[in-house]
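# Working through the structure, step by step
Spelled out from the first residue to the last, the chains are:
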Amino acid sequence: MLHPHLETIRTRLRPAGEEDVPRLYDVLARLGLHSLPTPSAFAEQHRQGAEAQFAIHTRPSDDVIGFSSLQHLNRAGHIQIGIFTDPAVSKLGAGAEAMMLTVNYAFATWEHVRKVYFSTTEASLRDLGRGMSLVPREAVLPEHLFFQGRLWDVHFYAITRESWAESGARIVDRMVRGLERRDGQRA
């Protein structure tokens, strides 16, 4: 049985609220990965299709380094993950831990979820690190997204519940046990 852990010794996910919208907009604007509407239009539509949204904090400083979300849950058992971290304040590995916590949350929260999907372009693919070699790429849509004056290939990746149960969940449990040893309590 999976537990929806929200923190490790280095990273904590906190449900994001309306007060986080300006910071999320700022992170997305600085990353330059998406064409964004005006801040007011973004604030009106930012939760559309979202099942869960989290502010990503580093521990112990509690600085917000980015945001993760789960959206577009469907009857086929698919859900999409989005994760955006500010490299100017993000510590090495914090984004990967936040991604693992968010994926684990999806599988632990919705028993019918079979696959967690995410997509990226080659512009940010290299920033995702070597761990991407462990995640199967399911599709590439050539020249699918027009952004910053050019067409980009969009790469789709999926993590299945079975593969998560075999390896990912165990890694998250080890990260959480490190927190329990330090704090003497369950995360």
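Scoring rules and cut-offs
- Here the residue index of a chain counts from 1 through its sequence in written order.
- Given that the model is predicted, a residue must reach a pLDDT of at least 70 before its local features are reported, and side-chain atom pairs must reach 80 or more before they are shown or counted; all residues, however, enter totals for whole chains, interfaces and linings.
- Processing note: side-chain calculations cover all non-hydrogen atoms of the structure and skip hydrogens and water entirely.
- We count a stretch as a helix when DSSP gives it H or I for four or more residues in a row; a strand needs E for two or more, and each element gets its number in order from the N terminus.
- Partly exposed residues are those whose accessible area sits between 20% and 50% of the maximum for their type, while under 20% is buried and over 50% is exposed, using a 1.4 Å probe and protein chains only.
- The criterion used for residue contact is that any of the two residues' heavy atoms lie within 4.5 Å.
- Only the protein chains shown count as covering a residue, and every accessible area follows the Shrake-Rupley method with a 1.4 Å probe.
- Here the expected length of a helix is defined as 1.5 Å per residue gap, with one fewer gap than residues.
- Each residue carries a pLDDT score, the predictor's confidence in it, ranging from 0 to 100.
- As used in this record, nonpolar core signifies buried Ala, Val, Leu, Ile, Met, Phe, Trp, Tyr and Cys residues forming a set joined through side-chain atoms within 4.5 Å.
- Paired strands are those between which DSSP finds at least two bridges.
- Residues adjacent in sequence count toward polar contacts only when both atoms are side-chain atoms; beyond that, a polar contact is any pair of N or O atoms within 3.5 Å, and within protein one must be able to donate a hydrogen and the other to accept it.
- By definition, a salt bridge exists where a carboxyl oxygen of Asp or Glu is found within 4 Å of a side-chain nitrogen of Lys or Arg.

The next point concerns the overall build of the chain. The helix and strand tally for the chain stands at 5 helices and 7 strands. Element order for the chain, N to C, with α for helix and β for strand: β-α-α-β-β-β-α-β-α-β-β-α. When burial is assessed residue by residue, the chain has 41% of its 187 residues classed as buried. Residue pairs in contact within the chain that sit at least 24 positions apart in sequence constitute 62% of those at least 6 positions apart. Surface summary for the chain: the accessible area is close to 10,500 Å², and the carbon and sulfur share equals 54%.

Moving on, we come to helix H3 (residues 94-109). It helps to recall that an α-helix has 3.6 residues per turn; residues three or four apart then point in one direction. Over its 16 residues, H3 extends 22 Å from the first C-alpha to the last, a length consistent with the 22 Å expected when each residue adds 1.5 Å. Here H3 lies mainly inside the structure; 14 of its 16 residues are buried.

Moving on: the confidence of the model for the chain. Looking at the chain as a whole, the pLDDT averages 84, with 88% of positions reaching at least 70. Within the chain, no element has a lower average pLDDT than helix H4 (residues 122-125), which sits at 65, and none a higher one than strand E1 (residues 11-15), at 94.

Core analysis: the largest hydrophobic core is formed by 29 residues, its most contacted members being Leu70, Val103, Trp110, Val116 and Trp164. Where this core is concerned, the elements lending two or more residues are strand E2 (50-58), strand E3 (64-71), strand E4 (78-85), H3, strand E5 (115-121), strand E7 (150-160) and helix H5 (161-183). Broken down by element, the residue count for this core peaks at 9 residues, all from H3. Excluding its chain neighbours within four sequence positions, the residues that come into contact with Val103 are Ile81, Val116, Ile159 and Trp164. If you look at the next biggest cluster of nonpolar residues, it comprises 10 residues, including Leu24, Val27, Phe42 and Ala55.

Moving on, we come to the pairing of E7. Taken together, the 7 bridges between E5 and E7 define a ladder with antiparallel strand orientation. Note on E7: the bridge partner recorded for Lys115 is Thr160. The pairing of strand E6 (residues 137-147) with E7 spans 7 bridges and is classified as antiparallel. Bridge assignment links Phe147 to a residue of E7, and that residue is Arg150. Counting the residues between successive antiparallel strands, the hairpin from E6 to E7 contains 2 residues, one of them, Gln148, with a positive phi of roughly 50°.

With that out of the way, let us pick up the side chain of Gln71. Residue placement: Gln71 occurs in strand E3. A polar contact is formed between the side chain of Gln71 and the side chain of Ser69, at a distance of 2.5 Å. Once you skip the residues sitting within four places of it in the chain, Gln71 turns out to touch Gly49, Ala50, Glu51, Ile79, Gln80, Ile81 and Gly82.

Next up on the list: unusual backbone geometry. Omega for the peptide link from Arg59 to Pro60 comes to 0°, which places this bond in the cis form. Assignment of secondary structure puts Pro60 in the loop between E2 and E3. If you check the backbone angles, Asp62 has positive phi at about 70° while not being a glycine. Here Asp62 lies in the loop between E2 and E3. Unlike most non-glycine residues, His72 shows phi in positive territory, near 60°. Mapped onto the fold, His72 is located in the loop between E3 and E4. You can call His72 partly exposed: its relative accessible area is 43%.

Another point: the pattern of salt bridges. Inspection of the entire model under this criterion finds 8 salt bridges. A salt bridge links Glu19 to Arg14, with the nearest nitrogen and oxygen atoms 3.9 Å apart. The class for Glu19 is exposed, based on a relative accessible area of 59%. Under the relative-accessibility criterion, Arg14 is labelled partly exposed at 21%. The salt bridge partner of Asp26 is Arg23, with a shortest N-O separation of 3.6 Å. One end of the pair is Asp26 and the other is Arg23, both in helix H1 (residues 21-31) and 3 residues apart, which spans about a single turn. Of the residues examined, Asp26 reaches a relative accessible area of 33% and is grouped as partly exposed. What emerges from the salt-bridge pattern is a single network uniting Arg14, Glu19 and Asp20.

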